[in-house]
Structure formats: C-alpha cells, structure tokens
There are 2 protein chains.
Amino acid sequence: MSMKWLQGLALAALAGLACAQDNSTNSTLPVNFGMVLFPSFQALDVFGPLDALNLLSMQYPLNLYLISSTTLDPVSTKARSAGMNTHNSNFSEAITPTHTIHDAPALDVLMIPGGLGTRADDLDPLIDYIADASKETDYVLTICTGSWLAARAGVLDGRNATSNKRSWAGREGLGNGTNWIAHARWVEDGNVWTSSGISAGIDMTLAWIASVYGNDTATDVANSMEYERQLDPSYDPFADLYNL
Amino acid sequence: MSMKWLQGLALAALAGLACAQDNSTNSTLPVNFGMVLFPSFQALDVFGPLDALNLLSMQYPLNLYLISSTTLDPVSTKARSAGMNTHNSNFSEAITPTHTIHDAPALDVLMIPGGLGTRADDLDPLIDYIADASKETDYVLTICTGSWLAARAGVLDGRNATSNKRSWAGREGLGNGTNWIAHARWVEDGNVWTSSGISAGIDMTLAWIASVYGNDTATDVANSMEYERQLDPSYDPFADLYNL
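Quick caveat, the model's predicted, so the values are computed rather than measured. (Residues numbered from 1 in each chain as written. Chains lettered and ligands numbered in written order. Predicted model: local features only at pLDDT ≥ 70, side-chain atom pairs only at ≥ 80, totals over all residues. Heavy atoms only, no water.)

Every buried residue belonging to helix H6 (residues 215-224) of chain A is among A:Thr217, A:Ala218, A:Val221, A:Ala222, A:Asn223 and A:Ser224, and all of these are buried. On its buried face, H6(A) is in contact with helix H2 (43-56) and helix H5 (200-213) of chain A together with helix H7 (237-241) of chain B. Positive phi appears at A:Glu226, one or two residues downstream of H6(A), with a value of about 50°. (Buried < 20%, exposed > 50% of the residue type's maximum accessible area, 1.4 Å probe, protein only. Helix = DSSP H or I, 4+ residues; strand = E, 2+ residues; numbered from the N terminus. Contact = heavy atoms within 4.5 Å.)

Shown next as structure tokens:
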C-alpha cells in the first residue's frame, strides 16, 4: 500500500467528514487541478471551466496543471484530418502544457475536456493515465465528450453520467453499466461530475464550485463572468432539440 | 493613397452594398480574423468568441491570427503583479501567438479581449497597433474591458459602446465623445461591436455571426455549443446588479 494511496484515502476520509458536517463547503479544499489536453480538443470545454477557476484562484490558493497526452509541445485545437476541416480553414488555438501524462503531479481534481480529438485512435496512453489518476483524485469533472474518455477509462462504471447531445450516439458501448442520462445539463454522481456539450461545462463547474466552496462563492464568480448560470442540472433544451 | 487603403475602401463599399441588399448576410464575407493577446488577458474573453468561430470555421473558410502585443513567446493569463494574485495561486494558461503586432497580416475582423492586463502601463504599442489596424478592417469586436483599449485607440470616438459592468468606472475618461451604454449585453455601432463582461462576448459573437452569416448559421453554431444565446442586446441583469 503506497504512501500516495494512503494520502488519497486520508483526504477522501476527511472530505467525507467535511461533507457530513456541511453540505455546501468542504474543509479539505482542493488545491491541485489538472486539465488534460489532447490534439483537437474543444477550446471552450477547457476555457469555460478554467476561466471560472481562474477567478476562483483569486479567492483561494489554487494550482493548475495542463497535462498533455503527448509531449510538452503546444497542444492545438486544429483538426486532425482533412475530413474534419472540409472548408480548409486555418483557424485554431494552441495551449502550452505544463506537464505530460508521464510526469504529471498528484491532483485533487482531474478535468477532462471533449472535442473531435476524442475520436482519435491513439488515445490509449491518455485513457491509461485517466484510469490511474482518477483513483487518486478527490474529484473527476468531464466536459462534453470528455465523458467518452472517462467511460473508456472505467471512471463511469456503474455511475450516472451525461455527455454531448448532438453526438449522443457516440457514448454507446462505452462504460460498464453506465446509466447515461440524456436530459441533463450536468450529472453529479459522488465525486464524478459529467456535463453536456461545450458550454454546459461552465454551468457544471459553477455548480461544483457551489458544492465545494459554497453558493456565495459560485455566485460571485458567475457575477464576475457576467454569466447567468443554470441552477437546475436537469434543464436541457438540447436533449429535446436532438430528440433524445 | 495606398493600395491597402484603396482595397479597404473597395471592401467597405462592397460590404455596404451587401448590407443594402440583405440585412442578414454579407456577400463579401470576412476571412481573416485577428485576436490580440497581451499578458494577463481574460481567458474566456478570448475563447468564448473564438470557440464560436472555431465552429463557424467548419462551415466557412476562415483564418485566425493570434497577435501578441510583445513577442512570439506564449502569452499567459498569469497576473502581472502580486497585488492581482493575493492568494499566491499558480493558476494560468498560456497561448501560442502566430504573429506580433509588428508583423500581423491585414485583417477583416479585429478582436480585442479584456482582462486585468488592460490596466498595465506598457500597452502603448498595442494601442497604436489597434488604432492602425482598425482603420483597415471590416469589423472591430471588443470583449469586456477590451473596449478600454479600443477607446484609447480612438476606435470608439463618437460611438455607442459598452464594457464590463463590475469595472464600469474604468471606462471613464476613455474615448472622445463615446456614448457609454450601461444597460447592454452588447452594443453594435456600425462596424464596431462592443460587449459587456467576459461571457457576454459569446452572445455578441453569435449576434455578429447572425448579422454577417445569417441567423440560421448563428443558431447552428449556438446549438453545437449547447448555448442558449441571448437575443436581446439590451438585456443586462448585471447593470442592475452593479447599480448602473
């Protein structure tokens, strides 16, 4: 039994204790956040949640690790194949990772974005990393089709979860006994939170902030963003739009 | 009279013609988009609009230039002073620029984000760039306190404009005869669009897409983002919240 595992167990026990004492705050607050990055990720999946957390980091001491699935080269939103860029646009953004999946530090919160890159056939090392890292984090948060990666890693086995609605069919066959919930802006199941497509990650992150840091903090962050957050996780006009 | 200026005039005339013919589409569609970046920019100011445009670039051939105010080094959201990071967080993201203000190509659309970095005292070269570039673009779009930079560059002289609501006072004294509108999610004045704080940039960009590429295209992009866009530019609960 490793020290790291014991530390994780102790943190989890403390978190459980805090939850029992107070439903809206947590005395063992998360400090170390990791967002995984892979080629052709969806930009807002990453930056909606991260900008809420950027603002939270002005109120709490937080660390962010941007964890590349490959190397320390910038990770781009660029389409990985011509078929994904039929109009031959040259329109993408690249982020600088701080670590790779091979040297990432221990995390309190693991975040997994989606995007067309989740459909690539070379993501096994990333899936392995998610499977290992998620066992030691206090929370796992997925955005959009990031839930497909979490499902492949076993994180959603036997859990309630949601995903992108336009690409809803893509979750089929992923996860073991996962209860996929179509009508959901986001789903919380224990320490695993999954959101619907792209912008839903903002609402999920603000709800997660409310759950962990208290509602006033979440409201303050949302007000700073001038964002009217959705408070009802079951509100989902896009499930209707896509006939789910 | 330079060729570039003549080209700009011809494009503007064509754009005017297109507007006269059809209020919702433009036969001379923008192709080249530039987003300026400076240290301590606000992440969602950049990535809300850009991710809407990332999705648009799957329907139209678009090019994106990320234009640094300094060098080609990655540009970070990191606080520029300890006073802006009182909890000693290590929580930031860095983007790779494609150009600097010294070698940026001609643009059809110039976009200017906000953030704490707009308060820095070394932005004169960026202001000069904005003043020059905005004379040759078809559109200028500012997000949040990006309007402060546009105002300093003279882009908002004699125009209607808006800005971040929590930091509303910061616009005072900027612009020459600018009519600052407090109750606005965004303001369109000719070819200059300004949005309120952070997430308002998403609504403005979708409204701009509707104006230039048609409402169906904007709706499709918003649906892909699973984002319920605000259609009323005068809707602004945050102006009320901050007693404006």
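So, next bit.
Contacts between the two partners involve 56 residues from chain A, matched on the other side by 56 residues from chain B. Interface area for chain A against chain B, summed over the two sides, is near 4600 Å², with a carbon-plus-sulfur share of 53%. In terms of surface lost to chain B, no three residues of chain A exceed A:Phe47, A:Phe91 and A:Glu226, which account for 18% of the buried area on that side. With a shortest N-O distance of 2.9 Å, B:Arg166 and A:Asp220 are connected by a salt bridge. Inspection of the region where chain A meets chain B yields 40 residue pairs in polar contact (both at pLDDT 80 or more). (Buried area = accessible area lost by both parts, 1.4 Å probe. Salt bridge = Lys/Arg side-chain N within 4 Å of Asp/Glu carboxyl O. Polar contact = N/O pair within 3.5 Å; in protein donor to acceptor, adjacent residues only side chain to side chain.)

Residues and elements named next belong to chain B. Neither face of strand E6 (residues 109-112) is open: one carries Val109 and Met111, the other Leu110 and Ile112, and all of them are buried. Pairing between strand E1 (residues 32-37) and E6: three bridges, direction parallel. Its bridge partner being in E6, methionine 35 is matched across the sheet by methionine 111. Where E6 lies against strand E7 (residues 139-142), four bridges are found, and the strand directions are parallel. By the bridge assignment for E7, valine 109 is matched with tyrosine 139. On the question of chirality, the crossover connecting E6 to the parallel E7 by way of helix H3 (residues 124-134) is right-handed. (Pairing = 2+ DSSP bridges. Right-handed = clockwise from strand over helix to strand, strands pointing away.)

Residue and element names in this part refer to chain A. In space, the seven strands of this open sheet follow the order E5-E2-E1-E6-E7-E11-E10, with mixed pairing throughout. Looking at strand neighbours, the two that pair on one side only are strand E5 (99-100) and strand E10 (186-189), the edges of this open sheet. Direction of pairing for strand E1 (residues 32-37) relative to strand E2 (residues 63-68): parallel, over a ladder of six bridges. Pairing of glycine 34 across the sheet is with tyrosine 65, part of E2. Packed onto the sheet, H2 meets E1, E2 and strand E6 (109-112) and runs at close to 165° relative to E1. Lying over the sheet, helix H3 (residues 124-134) contacts E1, E2, E6 and strand E7 (139-142), oriented at roughly 150° with respect to E6. (Axes fitted to C-alpha atoms, helices over the stretch in contact; angles between N-to-C directions.)

Right, let's talk about the pattern of salt bridges for a bit. Residues and elements named next belong to chain A. Tallied over the entire structure, the rule returns 14 salt bridges over all chains. Among the salt bridges present, the one from arginine 171 reaches glutamate 172, with a minimum N-O distance of 3.9 Å. Residue class for arginine 171 comes out buried when judged on its relative accessible area of 14%.

Now for the relation of the copies chain A and chain B. Both copies of the chain are tied together by a single rotation about an axis and a shift running along it. In screw terms, the move from chain A to chain B is a rotation of 180° and a rise of 0.0 Å along the axis, fitting with an RMSD of 0.0 Å. In short, the pair behaves as if placed about a two-fold rotation axis. When each C-alpha of chain A is compared by its distance to the rotation axis, A:Ile95 comes out closest, at 2.3 Å. Most of the interface of chain A is mirrored in chain B: 100% of its interface residues are interface residues there too. (Least-squares fit on C-alpha atoms with pLDDT ≥ 70 in both.)

Once that is clear, we can look at the confidence of the model for chain A. Mean pLDDT for chain A: 91, with 89% of residues reaching 70 or above. Interface scoring of the predicted complex returns ipTM 0.89; its pTM is 0.89. (pLDDT = per-residue confidence, 0-100.)

A few words now on the sheet that holds E1(B). All names here are of chain B. The seven strands lie next to each other as E5-E2-E1-E6-E7-E11-E10, forming an open sheet whose pairing is mixed. Of all the strands in the sheet, just strand E5 (99-100) and strand E10 (186-189) have a single pairing partner and so form its edges. The sheet contacts of H3 involve E1, strand E2 (63-68), E6 and E7, and relative to E6 the element is tilted by about 150°.

With that settled, consider unusual backbone geometry. Residue and element names in this part refer to chain B. Phi angles above zero are rare outside glycine, and cysteine 144 is one such case at about 60°. Notably, glutamate 226 is not glycine yet its phi reads approximately 50°, a positive angle. Look at glutamate 226 and you get buried, because its relative accessible area is 1%.

Moving on, we come to the packing of helix H2 (residues 43-56) of chain B against helix H5 (residues 200-213) of chain B. Residue and element names in this part refer to chain B. Here H2 crosses H5 at 35°, and the two axes come no closer than 7 Å. At the point where H2 passes H5, the crossing takes the right-handed sense. Within the contact between the two elements, H2 uses Gly48, Pro49, Ala52, Leu53 and Leu56 and H5 uses Gly201, Ile202, Thr205, Leu206, Trp208, Ile209 and Tyr213. In terms of residue class, the contact of H2 with H5 is made up of nine nonpolar, three polar and no charged. (Left-handed = near helix turned anticlockwise from the far one by under 90°. Nonpolar A, V, L, I, M, F, W, Y, C, P; charged D, E, K, R; others polar.)

As a further point, take the nonpolar core. A:Trp208 and B:Trp208 are the most contacted members of the largest nonpolar core, which totals 145 residues. The contact partners of B:Trp208, leaving out residues within four places of it in the chain, are B:Pro30, B:Phe33, B:Leu53, B:Val109, B:Tyr139, B:Leu141, B:Trp193 and B:Tyr213. (Core = buried A, V, L, I, M, F, W, Y, C linked by side-chain atoms within 4.5 Å.)

In this section: the side chain of B:Arg229. Residue and element names in this part refer to chain B. Relative to the assigned elements, arginine 229 resides in the loop between helix H6 (215-224) and H7. One buried charged side chain, arginine 229, makes no salt bridge at all; its nearest oppositely charged neighbour is aspartate 203, positioned 7.2 Å away. A distance of 2.7 Å separates a polar atom in the side chain of arginine 229 from a polar atom in the side chain of asparagine 215. Setting aside residues no more than four positions away along its own chain, arginine 229 makes contact with Asp203, Leu206, Ala207, Ala210, Asn215, Ala218, Thr219 and Ala222. (Lys, Arg positive; Asp, Glu negative; His and termini not counted.)

The next thing to look at is the packing of aromatic side chains. Centre distance and the angle of the planes are the two values used to describe a pair of aromatic rings. Applying the stated rule across the entire model yields 13 aromatic pairs over all chains. Arranged with centres 5.3 Å apart and planes meeting at 85°, the rings of A:Tyr139 and A:Trp208 form a pair that is edge-to-face. Of this pair, A:Tyr139 sits in strand E7 while A:Trp208 sits in helix H5, placing them 69 residues apart in sequence. Classification of A:Tyr139 as buried rests on a relative accessible area of 11%. Residues B:Trp208 and B:Tyr213 carry aromatic rings whose centres are separated by 5.9 Å and whose planes lie at 70° to one another, so their mutual orientation is edge-to-face. A network of ring pairs unites the aromatic residues A:Phe33, A:Tyr60, A:Tyr139, A:Trp208, A:Tyr213 and B:Phe91 as a single cluster. (Phe/Tyr/Trp six-rings, centres within 6.5 Å; stacked < 30°, edge-to-face > 60°.)

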